[in-house]
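Report on the structure
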Amino acid sequence: MRKPLVAALFALAVTGAGAAPAVAAPERSAPAHTPTLKAVDFAGTVALSNCSGSVIRFPASQDNDPALVLSNGHCLETGFPAPGEVIVDQPSSRSFTLLNSAGRGVGTLRASKVAYSTMTDTDVTIYQLTRTYAQIKSTYGINALTVQDTHPVAGTAIKVVSGYWKRTYSCNIDGFVYRLKEGDWTWKDSVRYTSTCNTIGGTSGSPVIDTATGKVVAVNNTGNEDGQRCTENNPCEVDQNGNVTVRQGINYAEETYQIPACFGIGNKLDLSRSGCVLPKP
């Protein structure tokens, strides 16, 4: 998980705000990124009280379905789900600030419930909202981001788009981690970024977007900050043989391609659907 926001804010105060644009500057100067800038902006992302997130839809979602917001399991307002814990259909009235393409807040969306949340195997929370995709589009002119339903590919150019910080990080998928262990939690087949996605506290829950398609391929969730081994805020990589690797300064995300199979007609969660591999309560 990312460090507490208080610590992140202190770090920014110490290093100076002028250090922040160093991440985004290459996007403006590198011609190779120009064709995809319009495809990946802040439209559809949201800011939570302590994290980032995005309004998402699945390939089979319909405009009149209740909209969904994706963030991390560790961003859940009732606290971290315990190892092995899966939360479904939990009432929630959490609010989210919806951003437009320029990163400006244009309105407030509200949850009706937590449809699904866990920190086991993955690190996701999915909220169901009180409005449909069509209502959001009609009111704000903003579309939801589509979740890709196939496994991401190593080498893919990506952007991590933080609604909390209104900041974008650009890098590539460096590879995949068999098991990512952090404190008491273990995640499977995690995405490892190349080093330029140096995400900070508050970027938790940000959508990881394929710059070629504009689709969500993962959700940003953690990074090794201090070089410690397998502790909170210092995840370690564990391979099939149990070998442990620590990569200080490298950040990670959890894949999302497996989520669409668990939602049926009307964006209704159904963990018994064929192809659904998300952990069950």
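Residues numbered from 1 in each chain as written. Predicted model: local features only at pLDDT ≥ 70, side-chain atom pairs only at ≥ 80, totals over all residues. Heavy atoms only, no water.

We now examine the state of the cysteines. Following the criterion strictly, the structure yields four disulfides and no others. Across the disulfide, Cys 230 is cross-linked to Cys 236 (sulfur-sulfur distance 2.0 Å). Handedness of the Cys 230-Cys 236 disulfide follows from its S-S torsion of about 100 degrees: it is right-handed. Residue class for Cys 236 comes out buried when judged on its relative accessible area of 0%. For the chain, numbering the cysteines in disulfides from first to last along the sequence yields the connectivity 1-2, 3-4, 5-6, 7-8. (Disulfide = S-S within 2.5 Å. Buried < 20%, exposed > 50% of the residue type's maximum accessible area, 1.4 Å probe, protein only.)

Our next topic: the confidence of the model for the chain. Here the chain shows a mean pLDDT of 89. Residues at 70 or above account for 86%. This stretch, residues 3–38, has a pLDDT under 50; its non-local contacts, to residues over four places away or in other chains, come to 33 contacts. (pLDDT = per-residue confidence, 0-100. Contact = heavy atoms within 4.5 Å.)

Okay, the side chain of Thr 203 next. Within the secondary structure layout, Thr 203 lies in the loop between β11 (185–193) and β12 (207–210). On the accessibility criterion, Thr 203 (0% relative accessible area) is buried. (Helix = DSSP H or I, 4+ residues; strand = E, 2+ residues; numbered from the N terminus.)

Let's shift gears to the nonpolar core. Among the nonpolar cores identified, the biggest contains 45 residues, and Val 55, Leu 70, Phe 96, Leu 129, Ile 259 and Phe 263 are the most heavily contacted of them. Only β2 (52–57), β3 (66–71), β4 (86–91), β5 (95–99), β6 (105–118), β7 (124–132), α3 (133–140) and β13 (216–223) provide two or more residues apiece to this core. The leading source of residues in this core is β6, at five residues. The residues touching Leu 70, leaving out its near neighbours within four places in the chain, are Ser 52, Gly 53, Ser 54, Ile 56, Val 124, Thr 125, Ile 126, Gly 205, Val 216, Val 219, Thr 256 and Ile 259. Grouped together as the second largest cluster of nonpolar side chains are 14 residues, Tyr 169, Cys 171, Ile 173 and Tyr 193 included. (Core = buried A, V, L, I, M, F, W, Y, C linked by side-chain atoms within 4.5 Å.)

When you line up the elements, Ser 170 lands in strand β10 (residues 167–182). Separated by 25 residues in sequence, Ser 170 and Ser 195 have C-alpha atoms that sit 9.6 Å apart. Among the polar contacts listed, one links the side chain of Ser 170 to the side chain of Lys 159, at a separation of 2.9 Å. (Polar contact = N/O pair within 3.5 Å; in protein donor to acceptor, adjacent residues only side chain to side chain.)

This part takes up the environment of Met 1. Tracing the sequence through the fold places Met 1 in the segment before α1 (5–15). Classification of Met 1 as buried rests on a relative accessible area of 2%. Residues Met 1 and Gly 73, spaced 72 residues apart in sequence, show a C-alpha to C-alpha distance of 9.8 Å. In contact with Met 1, other than residues within four places in its own chain, are His 74, Phe 80, Met 119, Glu 182, Trp 185, Trp 187, Asn 221, Thr 222, Glu 232 and Asn 233.

The residue Asp 121 is not glycine, and still its phi comes out positive at about 70 degrees. For Asp 121, the location among the structural elements is in the loop between β6 and β7. In this structure Asp 121 comes out as partly exposed when scored by relative accessible area, which is 24%. With a phi angle near 55 degrees, Lys 166 is a residue other than glycine that sits in the positive phi range. Structurally, the position occupied by Lys 166 is in the loop between β9 (157–162) and β10. Overall, the relative accessible area of 44% leaves Lys 166 in the partly exposed class.

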